[in-house]
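Structural overview
In case you want the letters, here they are:
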Amino acid sequence: MKEPKKQQNIKKLRNKDDCQMITVSVKVAAYLRRLKGCSDGKTELDLFPGSRVKDVLKDLSALPGEIGLIILNGRAADLQGLLNDGDNLELYQIFGGG
Amino acid sequence: MSYGYNGKILKINLTEKKYEISTPSDLFYRRYMGGRAFAAYYLLKELEPGVDPLSPDNILIFAASVLTGAPAPGIPRFTVAAKSPMTGGFGESEAGGSWGPQLKRSGFDAVIIKGKAASPVYLYINDGEVKIKDAGHLWGQPVAMVETLLKEELNNPKIKVVTIGIGGEKQVRYACILNEASSANGRNGFGAVMGSKNLKAIAVSGTKSVNLFDKEAVKDVSKWVASIYRDNPISATLNEYGTPAAIAVLQASGMLPTDNFSSGAFSGYDKIDGDTLKKKYVGKKPCYACPIACKKQAEIDDERFSVDSVYGSPEYETIASFGSNLGISDLNVIIKANELSNKYGIDTISTGVTIAFARECFINGLLSKEDTDGIDFTFAEPIDLLKVIEKVAHRDGFGNLLAEGCLRLARKLGNNSEDLAVQCKGLELPMHDPRAKFIVALGYAVAVAGPDHMSIPHDVFYETQERINNNGLDSLSFYEPITDPAKKVKAAVYGQTLWSLYNVLGVCDFAYQPRGIISFDKLVNLVKGITGFNTNMFDLMEVGRRAINLARMFNVREGFTTKDDKLPAMAYKPIKEGRLKGAKIDKKQFAESLKEYYQLMGWNPETGVPYTSTLKALDIEWVLELINK
């Protein structure tokens, strides 16, 4: 039957060893070093193809509204930004006054 | 029985060496609540229009609020106000630290100072007792020393002191007032006003706790903040880094003022950012009852000079003003410049922006080494900045011209140099580029006391759904993100009204939403819990609105018109470098938005004057009799 085969294929894709993952470098400023794995101010993440910036934020355990500025490959981006292999992401916390 | 406030206002006449105690009605406190509103009320009623701000005729007011002194976080602030030596209009400046709460403990809600003492004096207010004492031995003393000497002399280690330094004594036009050596009523030159009255300091102490209506309600807010401030990233960043964390963010955003606001990005930013400065922190200087403790102390290891950590560590504004905006990336020089500014009592923003103006003039050949006492004003040698600050504070040589601020200096220089002076109404702009933030641009042009980055929440808070859902703005009727400048007037009006309320109440913008973590609900509970007033956010916003309108009418009486609600020439020139390269204010859009602002405020869009119906709705139509006189 067709359906079980489909499920098998989907299961296969979710397995990191079988899937062509993408690697994204993340740089964070100041207080964002408390994010998962970012104590040096940077980290590298292996993500599923089709991942977006918001998935990175979830992986890093960022809080809602915490990230003020997102720079993807030198350009301002938002949470929906689509990620590709080798991308450089910079994250800054929100700041408005002082 | 009053809760939250003493019901007493101290009025001192330095010329006659007399004082009296005024006891306004409960209705006065209910309607005006504190800070800017108290100040505007008394300046309208008791100051003659047209006086010279540095003459004995000016009136200097220190106003706490119905909340100040209560044991709750983020409400330590008090307002200093007078006719401003910088703008000639309503002047105000707020500070944190501990002086405001201690004033309340001494038995008074505000102090109003008239006249001029025959020779230098200080005031000592202790548990309701008032003394005017000789300050000859304090005149000339640096700021931190004054508090030390007074504690000894008065044999009272509990006093809190507001004081001026040499800058105020010499009436540097933008001299400031400090308490605890690093909490400044920075802007608008009230240090000069104090100096012009021969008033060196005001020491306050007392044993009177603020009377609380509902202790438990107040405790609830304190408990909540204590439980969460370390984990919430907004308060935690302030707790760990302080405001300097902003340097990296604003650099990445392309809005870090560089070279007298010509650019928004500075190549040396990483040498002066929050990460670098954090390594020099040796302590925190919390304001009264606040665990967030955003203010820090720093020490340096430098063979060229040392720094007294009592003067704190530079805030974001100071780092940008003495750093990127002057092309300086030597952090130790910036820390030393901050120390000198606090020691002598001069505003780091106005000092830096005036020097930046002179630097650009020097680079363009409008000033030469002959004019600048031989100092190379490119600051290729950053340490030369320290010489200049000494000269400004002492009004020495070229420092005497710099001490007048960039607009007055530009008028002296002529040659169209006024286009290079980054100011509104004669007061230098703070370190937030209006070309990058349209709401801030509107705010700068219309702010009653001159351009003030803390008079209006910035554009960034309204920009994404996530932010407005988490920072409280949805409860102020903002349901969708706003990015189009044409749609920003509502944000300018409501935001400015909210932060006007915060200035009235002495609330810290860093502790309460949208910039801080404490919600409007908790603020309402706090006001109710402290004062017993039957209030809510609608009523409190009206308090904020009332204060703006009072101050606006003061300016109307002093002759201000819509012509004064404008941006400097720089706002219409494109940002040269950085992510926002090319950005500038659209003249037509700005003019349209400004008209819309007047309309939404209930002011005549042709004259900028509040309609009578607006004043009536705020119960302040009594102002009209004073204007028409």
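Please refer to the structure placed before this passage.
In this report, we go over the structure that sits alongside the text. By convention here, each chain's residues receive numbers from 1 onward along its written sequence. The lettering of chains begins at A and the numbering of ligands begins at 1, in the order of writing. In keeping with the model being predicted, local features are shown solely for residues with a pLDDT of at least 70 and side-chain atom pairs are shown and tallied solely at 80 or more, while totals for entire chains, interfaces and linings include all residues.

On to the overall build of chain B. Only DSSP runs of H or I with at least four residues qualify as helices, and only runs of E with at least two residues qualify as strands; both kinds are numbered from the N terminus onward. Of regular secondary structure, chain B possesses 24 helices and 16 strands. Rg of the C-alpha trace for chain B: 23 Å, near the compact-globule value of 25 Å for 629 residues, within the 12% margin. Its C-alpha atoms give chain B principal-axis dimensions of roughly 65 × 60 × 55 Å. With C-beta atoms placed from the backbone, a residue is labelled by how many other C-beta atoms lie within 10 Å of its own: buried for 20 or more, exposed for 12 or fewer, partly exposed between the two. When each of the 629 residues of chain B is scored for burial, the buried share is 62%. Working definition of a contact: two residues with C-beta atoms, positioned from the backbone, lying within 7 Å. Put simply, of all contacts in chain B between residues at least 6 apart along the chain, 70% involve residues at least 24 apart. When we talk radius of gyration, it's over C-alpha atoms, and the globule rule is simply 2.2 Å times the number of residues to the 0.38.

Taken together, the contact pairs 19 residues of chain A with 30 residues of chain B. Taken together, the residues that form the side of chain A that touches chain B break down as 11 nonpolar, 6 polar and 2 charged. Amino acids are sorted into nonpolar (Ala, Val, Leu, Ile, Met, Phe, Trp, Tyr, Cys and Pro), charged (Asp, Glu, Lys and Arg) and polar (every other residue, Gly among them).

A few words on the pairing of strand S7 (residues 121-126) of chain B. All names here are of chain B. By the criterion of burial, S7 is predominantly enclosed, with 5 of the 6 residues buried. Note on pairing: DSSP must find at least two bridges between two strands before they are called paired. Taken together, the 6 bridges between S7 and strand S8 (residues 129-134) define a ladder with antiparallel strand orientation. Paired with Val-121 across the bridge in S8 is Asp-134. Count of turn residues in the S7/S8 antiparallel hairpin: 2 residues, of which Asp-127 carries a positive phi of about 45°. With 6 bridges connecting them, S7 and strand S12 (residues 199-205) associate as parallel partners. Bridge pairing in S12 places Tyr-122 opposite Ala-201.

Further remarks concern the sheet that holds strand S4 (residues 78-83) of chain B. Residues and elements named next belong to chain B. Here we have 6 strands laid out as an open sheet, ordered S2-S1-S6-S3-S4-S5, and mixed in their pairing. If you trace the sheet from one side to the other, it starts and ends with strand S2 (18-22) and strand S5 (90-95), each paired once. Across this sheet, the average inter-strand angle for adjacent strands is 15°, counted without regard to direction. Relative to strand S6 (residues 110-114), strand S3 (residues 60-63) runs antiparallel, the two sharing 4 bridges. Among the inter-strand pairings, Phe-62 is bridged to a residue of S6, identified as Val-111. Angles here are taken between N-to-C directions and fall from 0 to 180 degrees, while the axes themselves are lines fitted to C-alpha atoms, restricted in helices to the stretch in contact.

For the rest of this paragraph, the subject is the sheet that holds strand S11 (residues 183-185) of chain B. All names here are of chain B. Strand order across the open sheet formed by 6 strands is S8-S7-S12-S9-S10-S11, with mixed pairing between neighbours. Across the chains shown, the open sheet's two edge strands, defined by having one partner strand only, are S8 and S11. Neighbouring strand axes in the sheet, compared pairwise and without regard to direction, differ in orientation by 20° on average. Contacts between helix H4 (residues 143-153) and the sheet are confined to strand S9 (160-163), strand S10 (177-179) and S12, with S9 contributing the most and set at about 140° to the helix.

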